[in-house]
Amino acid sequence: MLNLSKKILVAIDGSPQSDKAAEEAVRLAKASGTRFKSKVYAILVLPGSRAPSFTDFFPALPATERPDWEEKRKRIFYVVEKAAAEADIPLHVEVVYGDAAEEITAFAEQEEVDVIVIGSSGTGRVKRAFLGSVSTKVSLHARCSVYIVR
């Protein structure tokens, strides 16, 4: 049977590009209609790991355990939460630690996501040639469709 409901993963980092991607992900979910309800997953990948390593002499608290985390979380996820609520689209928010491209593709595989929506990095050609961009890495390694929003 044809499944018209989709699982859509959007990568969030609080930048204007990720806000555009969030709006586009909700628009894609809304396009499936009320009969075939799609779900949006918003993922924020923070650098490092949640637990300090044995080489850390003065381990810092993970970002999600700091006193100002709730305020930052609201700011970062504001656009996607607002857009999903207005469109009546189910939204699941996830915060993970690690390499952004690896965590996004791993989450997409784990949840069997149909499409990843991600903002373009906005970095220049030279910087992208040396360092690469998250959107490029995700598009090369994801096993599902990747929609890069500019």
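For the structure, see preceding data.
S.K.: Just checking my understanding: could you explain the overall build of the protein for this structure?
M.R.: Per the secondary structure count, the protein includes 5 helices and 5 strands. When the elements of the protein are put in sequence order from the N terminus, they spell out β-α-β-α-β-α-β-α-α-β. Taking all 150 residues of the protein together, 35% fall into the buried category.

S.K.: Please clarify how the side chain of Glu24 should be interpreted in this entry.
M.R.: Tracing the chain through its elements places Glu24 in helix α1 (residues 16–31). A relative accessible area of 15% places Glu24 in the buried class. At 2.9 Å, the side chain of Glu24 forms a polar contact with the side chain of Tyr147. Not counting residues up to four positions away in its chain, the partners in contact with Glu24 are Val117, Tyr147 and Val149.

S.K.: Can you walk me through the environment of His141 in this structure?
M.R.: By secondary structure assignment, the location of His141 is in helix α5 (residues 134–141). Through-space distance from the C-alpha of His141 to that of Ala101 is 8.5 Å; in sequence the pair is 40 residues apart.

S.K.: How should I be thinking about the sheet that holds strand β5 (residues 145–149) in this particular structure?
M.R.: Sheets are built from strands that pair by backbone hydrogen bonding, the pairs being arranged parallel or antiparallel. Ordered in space as β3-β2-β1-β4-β5, the 5 strands form an open sheet in which the pairing is parallel. Taken across any chain shown, the strands that pair with only one partner, and hence form the sheet edges, are β3 (91–97) and β5. Each strand axis lies, on average, 25° off the axis of its neighbour in the sheet, ignoring direction. Packed on one face of the sheet, α5 meets β4 (115–119) and β5 and runs near 165° to β4.

S.K.: In this structure, what is going on with the pairing of strand β2 (residues 39–46)? I would like to understand it.
M.R.: Two faces belong to every sheet, and in a regular strand the side chains alternate between them. The element β2 is extensively covered by neighbouring structure, given that 7 of its 8 residues are classed as buried. Where strand β1 (residues 7–12) meets β2, 6 bridges bridge the pair, whose relative direction is parallel. Each bridged residue has a counterpart across the sheet, and for Lys7 the counterpart in β2 is Lys39. Both β2 and β3 contribute to a ladder of 7 bridges, which runs parallel. Looking across to β3, one finds that Val40 is bridged to Leu91.

Definitions and limits used
- Residues numbered from 1 in each chain as written.
- Predicted model: local features only at pLDDT ≥ 70, side-chain atom pairs only at ≥ 80, totals over all residues.
- Heavy atoms only, no water.
- Helix = DSSP H or I, 4+ residues; strand = E, 2+ residues; numbered from the N terminus.
- Buried < 20%, exposed > 50% of the residue type's maximum accessible area, 1.4 Å probe, protein only.
- Polar contact = N/O pair within 3.5 Å; in protein donor to acceptor, adjacent residues only side chain to side chain.
- Contact = heavy atoms within 4.5 Å.
- Pairing = 2+ DSSP bridges.
- Axes fitted to C-alpha atoms, helices over the stretch in contact; angles between N-to-C directions.

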